[in-house]
Amino acid sequence: MKTMGQALKHLVEGLMALCLFGMVVAVFGNVLLRYFWGTGWVVSEELSRLLFVWLVCLSATLAFGEGKHLGFDLVTARLTGVKALVFRWLTRALIAVALYYLITGSWAQVLVGMDSRSPVMNYPLAVAAAGTLVMGGCMAVLLLLQSWNELRGHTPPGQDHHAEGAEA
């Protein structure tokens, strides 16, 4: 299971690198063409925007899986024992509600985007909306896995540094 998780992590990192590379080529190539030849790629802006959406969604999913997603834990980091457990499960419940709305809203956008095309590249706008759908689905699976691991007695990701800070 751990090997499969590492393989998926490397796959996501590779996809993120491809998105970043595509953005750099599209934007920098367009700048060079405009500066030296007074022309440019028409698709540059649309392509870089699409790649940026996917880059953000992939990186947010990766950060969530590693327990490094942006979070406010000023109060919960100081809790121990049952209080910490209750707040961790309450947080998971709130995240699950937010993911439900993200997934259902993204699915509605994908359905609408199937009939709409981008103005320049002519791709279905569902491709861009699918980024948040994939992100929400992957985060929901990761949330379930994190919950299952905690029920089995493993430390949740992102909680290790709290235990180290409490000992110091």
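Anything mentioned here points back to the structure above.
None of these values were measured; they are calculated from a predicted model.

Asker: Any chance you could explain unusual backbone geometry here in plain terms?
Answerer: Most peptide bonds take the trans form, and the phi angle of most residues other than glycine is negative. Look at Asn122: it is not a glycine, yet its phi comes out positive at around 65°. Tracing the sequence through the fold places Asn122 in the loop between helix 3 (81–113) and helix 4 (126–151).

Asker: What is the right way to read the environment of Val31 from this model?
Answerer: Mapped onto the elements, Val31 comes out in helix 1 (residues 2–37). Between the C-alpha atom of Val31 and that of Trp41, which follows or precedes it by 10 residues, the distance is 9.3 Å.

Asker: What is the right way to look at a nonpolar patch on the surface in this model?
Answerer: Nonpolar side chains collect at one region of the surface, where Leu20, Val24, Phe28, Leu32, Tyr35, Phe36 and Trp37 lie side by side and expose about 840 Å² of accessible area between them. Checked against the element boundaries, Val24 lands in helix 1.

Asker: What is the right way to read the environment of Ser116 from this model?
Answerer: Relative to the helices and strands, Ser116 is located in the loop between helix 3 and helix 4. On the accessibility criterion, Ser116 (28% relative accessible area) is partly exposed. Residues in contact with Ser116, not counting those within four places in the same chain, are Tyr123, Pro124 and Leu125.

Asker: Whenever I open this one, the packing of aromatic side chains confuses me. Can you help?
Answerer: Aromatic ring pairs are described here by two measures, namely the spacing of the ring centres and the angle between the planes. Inspection of the entire model under this criterion finds 3 aromatic pairs. Ring plane angle 85° and centroid distance 5.0 Å describe the contact between Tyr35 and Phe36, whose orientation is recorded as edge-to-face. Exposure class is identical for Tyr35 and Phe36. Each is exposed. Centroid distance Tyr100 to Tyr101: 5.3 Å. Interplanar angle 70°. Geometry classified as edge-to-face. Residue Tyr100 shares its accessibility class with Tyr101, and that shared class is exposed. Lying over the aromatic face of Trp89, Arg92 brings its terminal NZ or CZ to 4.8 Å of the ring centre.

Calculation rules
Throughout, a residue's number is its position along its own chain's written sequence, starting from 1. In view of the model being predicted, local features appear only for residues whose pLDDT reaches at least 70, and side-chain atom pairs are presented and counted only at 80 or more, with totals across whole chains, interfaces and linings using the full set of residues. The basis for every side-chain value is the complete set of non-hydrogen atoms in the structure, without hydrogens or water. Runs of E in the DSSP output that reach at least two residues are strands. Runs of H or I that reach at least four are helices, and both are numbered from the N terminus. Only residues whose relative accessible area exceeds 30% and that form no salt bridge are eligible for patches; like-charged ones are grouped when within 9 Å, while nonpolar side chains (Val, Leu, Ile, Met, Phe, Trp, Tyr) are grouped when within 5 Å. Computed by Shrake-Rupley with a 1.4 Å probe, the accessible areas treat only the displayed protein chains as cover when residues are assessed. Salt bridge, as used here: a side-chain nitrogen of Lys or Arg that lies within 4 Å of a carboxyl oxygen of Asp or Glu. Residue exposure (1.4 Å probe, protein chains only): buried if accessible area is under 20% of the type maximum, exposed if over 50%, otherwise partly exposed. We call two residues in contact when some of their heavy atoms are within 4.5 Å. Only the six-membered ring of Trp is used, alongside the rings of Phe and Tyr, when aromatic pairs are assigned; centres must lie within 6.5 Å, and planes under 30 degrees apart are stacked while those over 60 apart are edge-to-face, with the rest tilted. Charges are assigned to positions over rings by a cutoff of 6 Å between ring centre and Lys NZ or Arg CZ, combined with an angular limit of 35 degrees from the ring normal.

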